[in-house]
Amino acid sequence: MKIGIVGLPNVGKSTLFNALTKTYAAEAANFPFCTIDPNVGRVNVEDPRLNELSRIAKTEKTIPSATEFVDIAGLVAGASKGEGRGNAFLANIRECDAIMQVVRIFDDPNVHHVDGSVDPKRDIETINTELVLADLQSLDRKLGEVEKKARGNDTDAKKRLPVYQSVRSALDEGRLARSVELSEEEALLLRDLHLLTMKPFLYACNVNEDRTDMPESELRTAIGIHDQKIPVVAISVKFELDMMGFSPEERAEYLAELGITGNPTETLIRTAFDTLGLAYYFTAGEKEVRAWTIEKGWKAPQAAGVIHTDFEKKFIKAEVVSATDFIAHGGWSGAREAGKVRLEGKDYVVADGDVMIFKFWA
């Protein structure tokens, strides 16, 4: 699963990518289109429960869950018409599963803004307008064909036509395709269009170093995003860059000295993971403790299939305990003695943080 980092030039996308991936893979400079080809980096989803599970299991290896971030060149007004190599950059976004839009809120006269001033609402409107216009082009290419087939009484086209028309109306109004209320079946009819504004959205707000604790309500007001279904996260990209060389212990100590609770980059990574609709369960043994990535709502056989496809086909049952109970009772033996381990069948919906052992036909 890939999360595309998008935004105007010079808002901190490449620097944020470097901070998230803990590398200097993406060149970051104070001029537009410093990035041309997308940078791709795999990022671990840190979870304190994983370390506790490893400690209890006395494991040889610990493997966290992960996702990929893609640093995409800055979009500008006219990108949907090819301005600033917009066609290529929009194609890069199309290949991603979700969009993290970096929005500049910080003030720094030494960092040039492509439009000459800091205005996060205007910047978001610029980016979203280009995404909407690109989607209108994609939809219009198909709409005429579907209308013709529907007039010919084609069953599939008659299903698609009202969905296409309702989404087109929203796009015409400048709204994202995601804003249209669709059933699961209707959403599937749009999948082959690969609409950019149907992808999950997340806003990473690049704030001044002393504003990382900005309340969410204030943050939403500043950028004009009040839809609670779209996450917004405050992060100081410069602050994260300054801490790039810190060890985890030094970083934690430095944040504590400044009175900052939590870890801003980890919060952003976890929020991005949630935005994709992902979760994970754990396996915990002497050889390995591992977080396995699944989609929220998956049942036990599907979750088993992530380890090996045969596990899904031959699934019988699963032993399940929450990570909290596993840790509290010192592992499998203690959790079993306390009655916290249960057997679940094929209809069990896996919960985030379950620790599982699968039983399957040999």
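What comes next is a walk through the structure. (Residues numbered from 1 in each chain as written. Predicted model: local features only at pLDDT ≥ 70, side-chain atom pairs only at ≥ 80, totals over all residues. Heavy atoms only, no water.)

### Some details on the nonpolar core
Grouped together as the largest cluster of nonpolar side chains are 87 residues, with contacts concentrated most on Phe69 and Met100. Per-element accounting of this core gives the leading share, ten residues, to helix 4 (residues 120-151). Discounting chain neighbours no more than four positions away, the residues touching Met100 are Ile3, Gly4, Ile5, Val6, Leu16, Phe69, Leu202, Ala204, Leu268 and Ala272. (Core = buried A, V, L, I, M, F, W, Y, C linked by side-chain atoms within 4.5 Å. Buried < 20%, exposed > 50% of the residue type's maximum accessible area, 1.4 Å probe, protein only. Helix = DSSP H or I, 4+ residues; strand = E, 2+ residues; numbered from the N terminus. Contact = heavy atoms within 4.5 Å.)

### As for a negative patch on the surface
Together, Glu249, Glu250, Glu253 and Glu257 make up a region of like negative charge exposed at the surface. Mapped onto the secondary structure, Glu249 falls in helix 9 (residues 248-257). (Patch = residues over 30% accessible without salt bridge, like charges linked within 9 Å, V, L, I, M, F, W, Y side chains within 5 Å. Areas by Shrake-Rupley, 256 points an atom, 1.4 Å probe, with all protein chains shown as cover. Salt bridge = Lys/Arg side-chain N within 4 Å of Asp/Glu carboxyl O. Lys, Arg positive; Asp, Glu negative; His and termini not counted. Charge placed at Lys NZ, Arg CZ, Asp CG, Glu CD.)

### Looking at the packing of aromatic side chains
Overall, the coordinates contain nine aromatic pairs when judged by the stated rule. Taking the centre distance of 5.9 Å and the plane angle of 45 degrees together, the rings of Phe239 and Tyr254 count as tilted. Linking Phe239 in helix 8 (residues 237-242) with Tyr254 in helix 9, this pair joins segments that are 15 residues apart in sequence. Looking at Phe239, the relative accessible area reads 4%, which means it is buried. (Phe/Tyr/Trp six-rings, centres within 6.5 Å; stacked < 30°, edge-to-face > 60°.)

### Focus on unusual backbone geometry
Although it is not a glycine, Asn153 adopts a positive phi angle of roughly 70 degrees. Within the element layout of this structure, Asn153 appears in the loop between helix 4 and helix 5 (155-172). For His194, which is not glycine, the phi torsion reads 55 degrees and is therefore positive. Relative to the helices and strands, His194 resides in the loop between helix 6 (184-190) and strand 6 (201-206).

### Re the pattern of salt bridges
One pass over the full model with this rule turns up 22 salt bridges. Close ionic contact of Asp172 with Arg168 constitutes a salt bridge, the shortest N to O distance being 2.4 Å. Of this pair, Asp172 and Arg168 both sit in helix 5, four residues apart, which is roughly one turn of that helix. Between Glu319 and Arg336 there is a salt bridge, with the nearest N and O atoms lying 3.1 Å from each other. Of this pair, Glu319 sits in strand 10 (residues 315-322) while Arg336 sits in helix 14 (residues 332-337), and the two are 17 residues apart along the sequence. For Glu319, a relative accessible area of 13% puts it in the buried group. Several salt bridges converge on common partners, so that one network encompasses Asp47, Arg49, Arg270, Asp274 and Asp352.

Read these as spatial facts, not as claims about activity.
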